[in-house]
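Observations on the model geometry
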Amino acid sequence: MPRQGIIERYRAYLPVTENTPVISLMEGDTPLLPAKNLAKKIGAEAYELYLKFEGMNPTGSFKDRGMTLAVSKAVEKGAKTIICASTGNTSASAAAYAAQAGIRCAVLIPSGNIALGKLSQALMHGATVISVNGNFDDALTLVKEAAEKFPVTLVNSLNPDRIEGQKTGAFEIVDELGEAPDFQFMPVGNAGNITAYWKGYKEYCDRGKCINLPKMMGFQAAGAAPIVSGKPVENPETIATAIRIGNPASWKQAEAAKTESAGVIDSVTDNEILDAYKILAATEGVFCEPASAAGVAGLIKYLKAGKLEKRIAKLRIVCILTGHGLKDPECAIRSIEKPVSIAPSMDALKSVLFASA
Ligand SMILES: *Cc1c(COP(=O)(O)O)cnc(C)c1O
C-alpha cells in the first residue's frame, strides 16, 4: 500500500470531514521493531519485546501525528498563524506543517535548553523562533494567554486535535500485533502522549479492533517528576530536555490512564536514562533521543526489581521511542567515549584493530 499519512489512513476515527484540507507530510506508519537483542541484554527474554520507533516520522518525532491534524483543523477554520511553546520537537513539527500549509508559525522555547537539531528545524522551516528567559512551563503559560487574546491557534497538546492525531500510534500497534500489547512503556513530559495512546487503545477496543487493554507504564525523569511526587516542580532539571516539564498540561488525564489501566507513573534517573539510551543504540542499532529512552529505562528498572508480571505464554511489551537520536547529537557525544586517534600508519591501525580486549 502506498503511504497515506495518518488522516487518510484513520479517517473514520478522526474528527475530519470532506471539507477538511489534509495537511500531511506522510507521517505515521513507523516501524514496530522486534527487540530480541535488547531483551537478551536486559533480561527480558520471558517477554515479547517491541520498539515503536517514532523517530522515523517526517520531522523525527511522534509530534507529527498530532500536528498533521491540528494544522489541518486550524486551516479548515481559517487560521493564518499557529503558536506553541516547546522543548523542541513540537516547534520542529509545527514549523514544518505550517510551511506545508503556507501559514505562519511562532514558537516559544526555553532559552538554552533546546537540542540543536530541533532548533535548526524550526528555523529552517521559517518559524518565528522566540527564546524565553524561563522554562517550558513559563513559555506554555505565555502562549495559552496569547491564544486567548490574539487571532493565533494554539497547537500544544492542550489542543484536542493534537491528542486525536497522536492516538493513531495505538491503532498502528494493534493493527500490526493483531491485539493490544500487555504493557506499554513510554516517557511522560507534558503527558499528552500517554493520554493519546490510552484514548486510542480504548477507542479501538470499543470499535472491536482489540479485546485487551495494555497497562500504561509512564516514566518521568527524576528531576522533573511532578506526577510522581504529586506536586508541580518549580525548576525541573534533566538531560532529557523533551521531558523537562514541571507542571504537565495533561496531568489529570495521565493519572486516569495509569489508574484505569492498572499501570504506573514512576521516575527514572538521568543515569538510568543514559544507560538505556546507549544500550538501545549498541544492541539494536536504534538511535533515539534521551527522553525516548526513559520508557526503556523504566522497563529495565522494573525487570531488575522483579516488579513485572510474567506468564508462561510470553506477555507483550511495546516501548515507545518518541524521537530520533540525531536531534541531539551533542548529548550523544558527551555521553560516550571519544574516537581513537592514530598516526596515518598501518602499524598504528593494526594496533587499534587488533588490540587485545
Ligand atoms: C514531546 C516529547 C515527549 C513527551 O511527550 P508528552 O506528550 O509531552 O508527555 C517525549 N519524548 C520526546 C522525544 C518528545 O518530543
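Please refer to the structure higher up on the page.
Anyway, here's the lowdown on the structure attached to this text. Remember, predicted model here, so these are calculated numbers, not experimental data.

Helix and strand counts for the chain come out as 15 helices and 10 strands. Compactness check: the chain gives a C-alpha radius of gyration of 20 Å against a globular reference of 21 Å for 357 residues, within 12% of the reference. Along the first, second and third principal axes, the C-alpha set of the chain runs to 65 × 55 × 45 Å. Expressed as a percentage of its 357 residues, the buried residues of the chain come to 57%. Pairs at least 24 residues apart make up 72% of the contacts formed inside the chain by residues separated by at least 6 positions. Split by element, the accessible area of the chain, about 15,600 Å² in all, is 55% carbon and sulfur.

The relative placement of two packed helices comes down to the angle between their axes together with the axis-to-axis distance. It is at 7 Å that the axes of helix α8 (residues 168–177) and helix α9 (residues 192–206) come closest, and there the two elements cross at 50 degrees. The angle between α8 and α9 falls in the class oblique. Here the hand of the crossing between α8 and α9 comes out right-handed. Within the contact between the two elements, α8 uses Gly169, Ala170, Phe171, Ile173, Val174 and Asp175 and α9 uses Tyr197, Gly200, Tyr201, Glu203 and Tyr204. The residue makeup of the contact of α8 with α9, split by class, is 7 nonpolar, 2 polar and 2 charged.

Looking now at the pairing of strand β2 (residues 47–53). Most of β2 is tucked away: 6 of the 7 residues are buried. Two elements, strand β1 (residues 32–34) and β2, share 3 bridges in a ladder whose sense is antiparallel. Bridge assignment links Pro34 to a residue of β2, and that residue is Tyr50. The pairing of β2 with strand β10 (residues 315–321) spans 7 bridges and is classified as parallel. Across the sheet, the residue bridging to Phe53 is Leu321, located in β10.

For the rest of this paragraph, the subject is the sheet that holds strand β7 (residues 183–187). Judged by pairing direction, the sheet is mixed, and its 6 strands sit side by side in the order β1-β2-β10-β7-β8-β9 without closing on themselves. Every other strand in the sheet has two partners, leaving β1 and β9 (264–268) as the edge strands with one partner each. Averaged over neighbouring strand pairs, the angle between their axes works out to 25 degrees when direction is ignored. Contacting β2, β7, β8 (215–221), β9 and β10, helix α13 (residues 293–304) crosses the sheet at an angle of about 95 degrees to β9.

Here the focus is the side chain of Thr20. Mapped onto the elements of the fold, Thr20 is located in the loop between α1 (6–9) and β1. Looking at Thr20, its side chain comes within polar contact range of the side chain of Glu76, at 2.9 Å. Excluding anything up to four places from it in sequence, Thr20 contacts Ser72, Lys73 and Glu76.

Here we come to the site of the ligand. The environment of the ligand is made up of 17 residues, and the closest members are Lys63, Asn89, Asn190, Asn193 and Thr322. Between Asn89 and the ligand, the recorded distance is 2.7 Å, taken from a side-chain N or O atom to an oxygen atom. One nitrogen or oxygen atom from the main chain of Ala191 is found 2.8 Å from an oxygen atom belonging to the ligand. Coverage of the ligand by the protein amounts to 97% of the 380 Å² it exposes when considered alone. Comparing atom positions with the cavity grids shows the ligand to sit within the largest cavity. Taken together, the residues of the shell around the ligand break down into 7 nonpolar, 8 polar and 2 charged.

Let us now look at the environment of Phe354. The residue Phe354 is located in the segment after α15 (346–353) in this model. Sequence separation of Phe354 and Thr195 is 159 residues, and the distance between their C-alpha atoms is 51 Å.

Our next topic: the layout of surface pockets. By volume, the largest pocket is sized at about 180 Å³. Contributing to the lining of the largest pocket are Pro34, Ala35, Lys36, Ala39, Lys40, Ala44, Glu45, Tyr47, Glu48, Leu49, Tyr50 and Lys314. If you list the elements that add at least two residues to the lining of the largest pocket, you get α2 (36–42) and β2. Counting residues per element, the lining of the largest pocket draws most heavily on β2, at 4 residues.

Here we take up the pairing of β8. In terms of burial, β8 is a largely internal element, 6 of the 7 residues being buried. As defined by bridge partners, β7 adjoins β8 across 5 bridges and the pair is classed as parallel. The residue bridging Phe183 from the neighbouring strand is Lys215, located in β8. In this region the chain leaves β7, passes through α9 and returns to the parallel neighbour β8; the handedness of that crossover is right-handed.

Here we come to the sheet that holds strand β6 (residues 153–154). The sheet built from 4 strands is open, its strands ordered β5-β4-β3-β6 with parallel pairing. Each edge of the sheet is formed by a strand with only one pairing partner; in this case those strands are β5 (128–132) and β6. Across the sheet, helix α6 (residues 136–149) lies against β3 (81–85), β4 (104–110), β5 and β6, angled at about 150 degrees from β3, the strand it touches most.

Rules and cut-offs
Residues numbered from 1 in each chain as written. Predicted model: local features only at pLDDT ≥ 70, side-chain atom pairs only at ≥ 80, totals over all residues. Heavy atoms only, no water. Helix = DSSP H or I, 4+ residues; strand = E, 2+ residues; numbered from the N terminus. Rg over C-alpha atoms; globule rule 2.2 N^0.38 Å. Buried < 20%, exposed > 50% of the residue type's maximum accessible area, 1.4 Å probe, protein only. Contact = heavy atoms within 4.5 Å. Areas by Shrake-Rupley, 256 points an atom, 1.4 Å probe, with all protein chains shown as cover. Axes fitted to C-alpha atoms, helices over the stretch in contact; angles between N-to-C directions. Parallel < 35°, antiparallel > 145°, perpendicular 65-115°, else oblique. Left-handed = near helix turned anticlockwise from the far one by under 90°. Nonpolar A, V, L, I, M, F, W, Y, C, P; charged D, E, K, R; others polar. Pairing = 2+ DSSP bridges. Polar contact = N/O pair within 3.5 Å; in protein donor to acceptor, adjacent residues only side chain to side chain. Near = heavy atom within 4 Å. 1 Å grid on protein atoms, 1.4 Å probe; cavity = no way out; pocket = protein on both sides within 12 Å on 5 of 7 lines; lining within 4 Å. Sits in = over half its atoms within 2 Å of the grid points. Points joined across faces, edges and corners; volume = space filled by probe spheres on them. Right-handed = clockwise from strand over helix to strand, strands pointing away.

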